[in-house]
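# Tertiary structure, described
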Amino acid sequence: MNKISLTINGKKIEAVPGQTVLEVARENGIDIPTLCYYPGTKLVGACRVCVVEIEGQRCLAASCAMPVSPGMVVRTDTPRVVEAQKMVVELLWASGDHNCLVCEANGNCELQDLVYRFKIEKPRFPIEPPGYPVERSNTMIQRDLNKCILCGRCIRVCNEIQVNEVLDFSERGSRMKVGPAFDADYIDSNCVFCGACVDACPTGAIVNRQSRFEGRPWELKKVRTTCGYCGVGCQMDLNLHEGRIVKVTGSRDHGTPNYGSLCVKGRFGMDFIHHPSRLKKPLIREGGELREASWDEAYSYIADRMSAIKAKHGPDSLAGLSSARCTNEENYLFQKFIRAAVGTNNVDHCARL
Amino acid sequence: MTVAGLAASFGSGAMTNSLDEIEFADVILAIGTNTTENHPIAGSKVKRAVRQLGAKLIVIDPRDIALTRYAELWLRPKPGTNVAVINGIMNGIVSEGLHNREYIEKRTEGFAALEEVLKKYTPEHVERISGVPADDIRKAARLYASGKKSSILYCMGVTQHSTGTDGVKSVANLSMLCGFVGIESGGVNPLRGQSNVQGACDMGALPATFPSYQQVANDEMRARFEKAWGVSLSGKPGLTVVEIMNAAHEGRIKGVYVMGENLMLSDPDLHHVEESLKKLELLVVQDLFLSDTAKLAHVVLPAANFAEKDGTFTNTERRVQRVRKAVEPPGEAKPDWLIVSELSARMGYGMKYGSPREIMDEIARVTPSYAGINYRRIERRGLQWPCLNAEHPGTKFLHRDRFTRGLGLFAAIEYKPSAELPDGDYPFYLTTGRVLYHYHTGTMTRLSRGPMERYPESLVEINPEDAWNLKLEDGEFVMVTSRRGSVKAKAWVTNRSPKGTVFMNFHFPEAAANLLTNPALDPIGKIPEYKVCAVKVEKAAADILERTEAPAKVQAAK
């Protein structure tokens, strides 16, 4: 493919036709702030925080939606650009209830990061949040539209990536807001609680309600793993706080097969892990009842009985059922145990069920 | 199941292509898969293909699942008539000359016999069997054959029949007929229902095969494992799950060791399962919870779950991916691999492993398709088998230039009715499956706040016309009865169910659908016929304390 050349901040750069100014700048280590930009979804150029100056153009251009052209001369660092970006951030701050003291996104908020980056002490405009009630109608996702900056990322992931087609803008102008049809709460809509909007939200407008007050972003440790539910094998991050899983998040960096997407089971179906009804000790039946036992006792019991049955009726009178929810290593060992230690091929699992 | 059918046709029992490729198919035929509920992330890929890349979707399903909203063409056959419908589509393709003659000639065998059988399955004949209009069958034939890359997705709606293996071979026939096996974004793609069902099969947790589908009855293959494991091994293929239960019932099986399965909700005809388990001299159950199966055990062993141990899962597209330990197991619970190896030592067969990583290294030594897989290579991104050596990049799609078995094998398959069909006494079809918010026997999702908030109890999906005839309102209780048992649950009056068919899930023990299902087995795959049995449906009185609110919050799926 023919490369084209352009200049960004005085640096000669090669680019592929069709790339945007933002993509090319980031590839070359030039940072441009963004809010509404979300890779893999339509370019909307809505928030204007990524504006740049292009030589020969009267207006500043949204770099996220501006395709490169040959000989283009771009500046991302002029006072005019920085002033415009600062203005956008101040307006967004002033139009919402961005109180980091009580915000779950504190420390993980793109608006907060920009306020800090542009060294804004306070906005020059009066702070006038719209005064929406906070949606706490379900246990999974909490929405506070007073913290919404109308970037539309939640709408685009819902429609373009998950294709659940639940969220959209409603109303116009200063009353514009995001939500399911007919202004319904999530729980009363056809939302399937995949939680993609939670991961996509740059502020604290849409948060995981179950992990509220369960650890600050900088206290959480993430462990990447493979989801234990269906066979798609989604890559997910278990978020730990003090040795407990407090939430599950997707990460686009983990790539295939799910590119950060999860479903309701992967995201909100992990309560069983720390459930109080988990078995904690081996149990042995005695006089019709199950009683607690030591591992040593349990192993002896099983080994003695199995050996006795094998001696009396032959190995084919024993069978083992493995599990499609256990790991490869465990399935391998289990069938090896049944075949090599017990001596029968009576081993199967629930693939058929 | 899938393993048996696809292995016969192609020589390899797994999804031929990759999940990412679905998005770039130009025609997708989804049969017997409620993808958006059972494999939501794969479902999103199908929906993106349609909405954003203009793919044409054909859905074949008796139920009005969410995917039908995205479909160019929706065929709604009577439950249990898949084989007839696919034969009808193939008849349409062949009679209009849309099949790929060059591919059939060069890459396959057995076509003549198939062609002979297909003659009788004219779209009109198939309409009489399945209720699908003949014109729709022709349209499906033209649309499927018109694609450059047509992909078939299927799931338990094809396999869980007494003719399940026939169903799998039929979709394999259809794909080969148009030359779509062995190309990117084409193929025959079974979506596996559990995190490691592919891996459990690959690892030889099957009665007739060692790891990598090496036959126990084959002397040479068995000798290989005898050498690797240092013992002599039985060459007699073992019994499958349902056969084990039957043998236990007859007293031929005396002891069963169950690792992480809840037979008391997942198996067909639960009364029979319970009787069988109670006859055992030794039942050992290793699980996270005191499941209904564990309650019958002589010994219960507390196991760790996927977040409490290291290991690997193999996903539906043959990709081996890491499972990582995040938290400690509760109390004295231990990872299954450790329990099995410690128990084995007590049985006099030592298996010493320091970590799952070492077990994987042994797997790679005895499993040719996993030979190139180790933890270091899959740290950041999983590898798809076959991965034959340390340099092999893994395999995105199978059968590129030749089938695993050499030539693709067409199977000439006749339609056979389901083992039990509605009649005067039991006039409804019952079909079963999962719902979005729950998983299998529900032991994990029923303990989770979110899924339980959205779907707190079992619902029987019934068509509004049937509900009208039964004078039944949404949210009232129904008694569903088959020849094997009765179950009471709340009705969800919905057009998702076709007239004459009710749908139940099997997630809730208080309304266990598998008390009703028919244990008739597919003769080859030994899969029970979960998707079709005959029931009667009656309005039932609500017990005192049981409220009869409409299940308003469960509209989600459609």
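Just above, that's the structure.
It should be emphasised that the depicted structure is a prediction, and the values quoted were computed from it without experimental measurement.

### Things to note about the packing of helix H8 (residues 123-130) of chain B against helix H9 (residues 134-146) of chain B
Residue and element names in this part refer to chain B. Remark: H8 packs on H9, axes separated minimally by 8 Å, with the N-to-C direction vectors making an angle of 120°. Relative to H9, the crossing made by H8 is right-handed. Of H9, the residues touching H8 (which contributes Pro123, Glu124, Val126 and Glu127) are Ala134, Ile137 and Arg138. Residue composition of the contact of H8 with H9, by class: four nonpolar, no polar and three charged.

### Regarding the environment of Leu167 of chain A
All names here are of chain A. Within the secondary structure layout, Leu167 lies in the loop between helix H4 (153-161) and strand S7 (168-170). In the structure, Leu167 is positioned 23 residues away from Asn190 in sequence and 9.8 Å away in space, judged by C-alpha atoms. Among residues more than four places away in sequence, those in contact with Leu167 are Cys154, Ile155, Cys158, Val178, Gly179, Pro180 and Cys197.

### Observations regarding the sheet that holds strand S12 (residues 311-314) of chain B
Residue and element names in this part refer to chain B. One open sheet holds the three strands; their spatial order is S12-S13-S14, and the pairing between them is antiparallel. Every interior strand has two partners, whereas the edge strands, S12 and strand S14 (383-384), have only one. Bridge analysis of S12 against strand S13 (residues 319-323) gives four bridges, and the strand direction is antiparallel. Residue pairing for S13: Gly311 is matched across the bridge by Val323.

### Section: unusual backbone geometry
Omega for the bond connecting Thr256 of chain A with Pro257 of chain A falls within 30 degrees of zero, at 5°, which places this linkage in the cis form. Of note, Pro257 of chain A is situated in the loop between strand S12 (244-249) and helix H6 (264-268). Residue Pro386 of chain B is bonded to the preceding Trp385 of chain B through a cis peptide linkage, with omega at -5°. Tracing the backbone shows Pro386 of chain B in the loop between S14 and strand S15 (408-409). Its identity is not glycine, yet Phe193 of chain A carries a phi of approximately 55°, on the positive side. With respect to the helices, strands and loops of the structure, Phe193 of chain A is situated in the loop between strand S8 (177-179) and helix H5 (196-200).

### Structural notes on helix H8 (residues 328-342) of chain A
Residue and element names in this part refer to chain A. A rise of 1.5 Å per residue sets the reference length of H8, with its 15 residues, at 21 Å; its end C-alpha atoms lie 20 Å apart and thus fit the reference within 8%. Along H8, 15 of the 15 residues are buried, which leaves the element largely enclosed by surrounding structure. Phi turns positive, to about 95°, at Gly343, one or two residues after H8.

### Some details on the pairing of S12 of chain B
Where burial is concerned, the two faces of S12 of chain B agree: the one with Gly311 and Phe313 of chain B and the one with Thr312 and Thr314 of chain B are both buried. In this antiparallel pair of consecutive strands, S12 of chain B and S13 of chain B, the connection spans four residues, and Arg318 of chain B shows a positive phi of 70°.

### A look at the nonpolar core
Core analysis: the largest hydrophobic core is formed by 157 residues, its most contacted members being Cys154 and Cys197 of chain A together with Ile28, Leu57, Ile89 and Val171 of chain B. Examining the composition of this core, we find that seven residues originate from one element, helix H5 (residues 82-95) of chain B, more than from any other. Once residues within four sequence positions are removed from consideration, Ile28 of chain B is found in contact with Ile22, Val46, Ala49, Ala55, Leu57, Ser151 and Leu153 of chain B. Of all hydrophobic cores here, the second largest spans 111 residues; its members include Leu283 of chain A together with Met347, Leu459 and Leu521 of chain B.

Rules and cut-offs
Residues numbered from 1 in each chain as written. Chains lettered and ligands numbered in written order. Predicted model: local features only at pLDDT ≥ 70, side-chain atom pairs only at ≥ 80, totals over all residues. Axes fitted to C-alpha atoms, helices over the stretch in contact; angles between N-to-C directions. Helix = DSSP H or I, 4+ residues; strand = E, 2+ residues; numbered from the N terminus. Left-handed = near helix turned anticlockwise from the far one by under 90°. Contact = placed C-beta atoms within 7 Å. Nonpolar A, V, L, I, M, F, W, Y, C, P; charged D, E, K, R; others polar. Pairing = 2+ DSSP bridges. Expected span 1.5 Å × (residues − 1). Buried ≥ 20, exposed ≤ 12 C-beta atoms within 10 Å, placed from the backbone. Core = buried A, V, L, I, M, F, W, Y, C linked by C-beta atoms within 7 Å.

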